[in-house]
Amino acid sequence: MRVLGIETSCDETAASVVALDSAAAPEILSNIVLSQIEEHAAFGGVVPEIAARAHVEALDGIVEAALTDSAVSLDEIDAIAATAGPGLVGGLIVGLMTAKAIAAAANKPLIAINHLEGHALTARLTDGLDFPYLLLLVSGGHTQIVAVRGVGDYQRWATTIDDALGEAFDKTAKMLGLPYPGGPNVEKAAATGDASRFAFPRPMKGSAQPDFSFSGLKTAVRQAATAIAPLSDQDVADICASFQAAVADALGDRAARALARFRKEFPDKTGPALVVAGGVAANRTIKGTLEALCSEAGFAFVAPPQKLCTDNAAMIAWAGIERLRAGLAGENAVDFVPRSRWPLDSISTPLVGSGRRGAKA
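Residues numbered from 1 in each chain as written. Predicted model: local features only at pLDDT ≥ 70, side-chain atom pairs only at ≥ 80, totals over all residues. Heavy atoms only, no water.

1. A short note on the sheet that holds strand β3 (residues 26-35)
Heads up, the condition is: The pairing criterion for strands is at least two bridges between them, as found by DSSP. Helix and strand definitions follow DSSP, with helices as H or I runs of at least four residues and strands as E runs of at least two, each counted in order from the N terminus. Axis lines are fitted through C-alpha atoms, for helices just across the contact stretch, and the angle between N-to-C directions can take any value from 0 to 180 degrees. The contact criterion used throughout is that any non-hydrogen atoms of two residues lie within 4.5 Å.
Taken together, the five strands give an open sheet; going across it, the order is β3-β2-β1-β4-β5, and neighbouring strands pair in mixed fashion. Both outer strands of the open sheet, β3 and β5 (110-114), are each paired with one neighbouring strand and no more. Pairwise comparison of adjacent strand axes, ignoring direction, gives a mean angle of 20° for this sheet. Both strand β2 (residues 12-20) and β3 contribute to a ladder of nine bridges, which runs antiparallel. Counterpart to S16 in the pairing with β3 is N31. The strands touched by helix α3 (residues 89-106) are β1 (2-7), β4 (79-85) and β5; relative to β4, the strand with the most contacts, the crossing angle is about 160°. Helix-sheet contacts for helix α4 (residues 115-126) involve β1, β2, β3, β4 and β5, and the interaxial angle to β5 is about 95°.

2. Things to note about the side chain of K269
Formally: Accessible area is worked out with a 1.4 Å probe on protein chains only. A residue is then buried under 20% of its type maximum, exposed over 50%, and partly exposed in between. Charge convention: Lys and Arg are scored as positive, Asp and Glu as negative, and His as well as the terminal groups of each chain are ignored. One speaks of a salt bridge when a side-chain nitrogen belonging to Lys or Arg is within 4 Å of a carboxyl oxygen belonging to Asp or Glu. Pairing of N or O atoms within 3.5 Å defines a polar contact, subject to two protein rules: one partner must be a possible hydrogen donor and the other a possible acceptor, and residues neighboring in sequence count only if both atoms are side-chain atoms.
Relative to the elements of secondary structure, K269 occurs in the loop between α8 (233-265) and β9 (273-277). Notably, K269 is buried but unbridged: the nearest opposite-charge side chain belongs to D130, and the N-O separation is 5.3 Å. Within the local environment of K269, its side chain forms a polar contact with the backbone oxygen of D130, the two atoms lying 3.5 Å apart.

3. Description of unusual backbone geometry
Cis geometry marks the peptide bond from G85 to P86, where omega comes out at -15°. Residue position: P86 is located in the loop between β4 and α3. The phi dihedral of N107 falls on the positive side, at around 55°, and the residue is not glycine. Assignment of secondary structure puts N107 in the loop between α3 and β5. Positive phi is not limited to glycine here, since M204 has a value of about 70°.

4. Focus on the packing of helix α5 (residues 165-175) against helix α6 (residues 182-190)
Two packed helices can be described by the angle between their axes and the distance between those axes. Note the following rule: The labels follow the angle: roughly parallel below 35 degrees, roughly antiparallel above 145, roughly perpendicular from 65 to 115, and oblique for the rest. Should the near helix be turned counterclockwise from the far one by less than a right angle, the crossing is left-handed, whereas a clockwise turn marks it as right-handed. Throughout this entry, Asp, Glu, Lys and Arg are counted as charged residues, while Ala, Val, Leu, Ile, Met, Phe, Trp, Tyr, Cys and Pro are counted as nonpolar. The remaining residues, Gly among them, count as polar.
Relative orientation of the contacting elements α5 and α6 amounts to 60°, with a least axis distance of 8 Å. The angle between the axes of α5 and α6 places the two elements in the oblique class. Handedness of the crossing formed by α5 with α6: left-handed. In contact with F169, D170 and A173 of α5, α6 contributes G182, G183 and V186. Its residues assigned to classes, the contact of α5 with α6 comprises three nonpolar, two polar and one charged.

5. Comments concerning the pattern of salt bridges
For the coordinates displayed, the defined rule picks out 13 salt bridges. Across the pair E322 and R124 runs a salt bridge whose closest N-O atoms are separated by 2.5 Å. Of this pair, E322 sits in helix α11 (residues 314-325) while R124 sits in helix α4; the two residues are 198 residues apart in sequence, bridging distant segments of the chain. The class of E322 is buried, set by a relative accessible area of 3%.

6. A short note on the packing of aromatic side chains
Applicable threshold: Paired rings are identified among Phe, Tyr and Trp, the last through its six-membered ring, by centres lying within 6.5 Å, and are further divided according to the angle between planes into stacked (under 30 degrees), edge-to-face (over 60) and tilted (the rest).
Counted according to the given criterion, the structure contains eight aromatic pairs. Ring plane angle 80° and centroid distance 5.0 Å describe the contact between F169 and F243, whose orientation is recorded as edge-to-face. Of this pair, F169 sits in helix α5 while F243 sits in helix α8; the two residues are 74 residues apart in sequence, bridging distant segments of the chain. Here the aromatic rings of F262 and F299 are separated by 5.8 Å at their centres, their planes lie at 70°, and the arrangement is edge-to-face. With F262 in helix α8 and F299 in the loop between α9 (284-297) and β10 (300-302), this residue pair connects regions lying 37 residues apart in the sequence. There is no split in this pair, since F262 and F299 are both buried.

7. Points about the packing of α8 against α9
In contact at an axis separation of 9 Å, α8 and α9 are set at 30° when each is read in the N-to-C sense. Taken together, the axes of α8 and α9 are roughly parallel relative to one another. The element α8 and its partner α9 pack so that their crossing is right-handed. Contacts from Q244, V247, A248, L251, G252, A255, A256, L259 and R263 of α8 reach α9 at T285, I286, T289, L290, L293 and A297.

8. Focus on α9
Rules: Between the first and last residue of a helix there are one fewer steps than residues, each counted as 1.5 Å, and that sum is the expected span.
Relative to the 20 Å expected for 14 residues at 1.5 Å per residue, α9 spans 20 Å between its end C-alpha atoms, a close match to the ideal helical length. Those residues of α9 that are buried lie in contact with β6 (133-138), α5, α8, β9 and β10. The residue sitting at the N-terminus of α9 and contributing the capping side-chain oxygen is N283; that oxygen lies 3.0 Å from the backbone nitrogen of T285. Downstream of α9 by a residue or two, G298 has a phi angle that is positive, lying close to 80°.

9. So, the sheet that holds strand β7 (residues 143-150)
If you trace the five strands from one edge of the open sheet to the other, you get β8-β7-β6-β9-β10, paired in mixed fashion. Looking along the sheet, the strands with just one partner apiece sit at the ends: β8 (153-159) and β10. For this sheet, the mean angle separating the axes of adjacent strands, direction not counted, is 25°. As defined by bridge partners, β6 adjoins β7 across six bridges and the pair is classed as antiparallel. When the bridges of β7 are listed, V138 appears paired with T143. Across the sheet, α9 lies against β6, β9 and β10, angled at about 155° from β10, the strand it touches most.

See below:
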């Protein structure tokens, strides 16, 4: 089985071919990702119109490169899987329409994939995890804890009630005059900072409500920076280190609650695991906190390689394979409409509102 995956939900244009060998073991035959960081850096964040135009210009070449690198022809592909939401609708339209055209021209089935499901199932591609397991998704657009019970069977246990964590990193970096993207630049500055200098709040720590909140922490950073302006390089480093420590502490507290709940709901599960995915998962301070927490709680800590934690098409192709194997590919998705909002768990009540485009989270 060979599936071509296409991902254009935000600011990476990506295509990949993933296969199952004769022993049903997964293999990434190609994984091409073109980042748009330079196009958006001057604006301190992703500009949807610029992202969509960049996808239009690059996607055909990226798909061709993915097929060339995989040494697999389009005729040998069994299905096309494309991200259909959630994300920036302009980019989603580019990717899904391209996938529809390829599927129609090559007479291949098309599978519309939820971007979050790609993240949720990546650990099965990289580490062969068995269901169920716990997923902490921390990225620029999402901060969630999800119980992954099977393909298409997800239960959201926690989400952010305001900003996603990656967004909080980006906004903190912008306030401090650091380049975009915020995550790696805040971490770099924090390496020489004093994490004890600023007593930033640990949002939701100790709360019975299982969710996340980062807007108050972001406000505290702004107030601290304003109070001591103009900022020296050491001031910036100390603020970044203190911010990062507060984030890690808050995430650890929220994750600990989820691990305890997992033990109660799945008492017979041997070798339970916490999977951490999304761009923020690359932060070493956060990763160290969660690794220590898992070790203490008797959970395996699983973080896919960084290139598969951030947005990529291998996870989309793999989600297509998972759905094909589970008989959940559905009807050919030629009429599927891109969704800017598409919760992975459609049962849980949205915490941050809903509208005609659907639930936000």
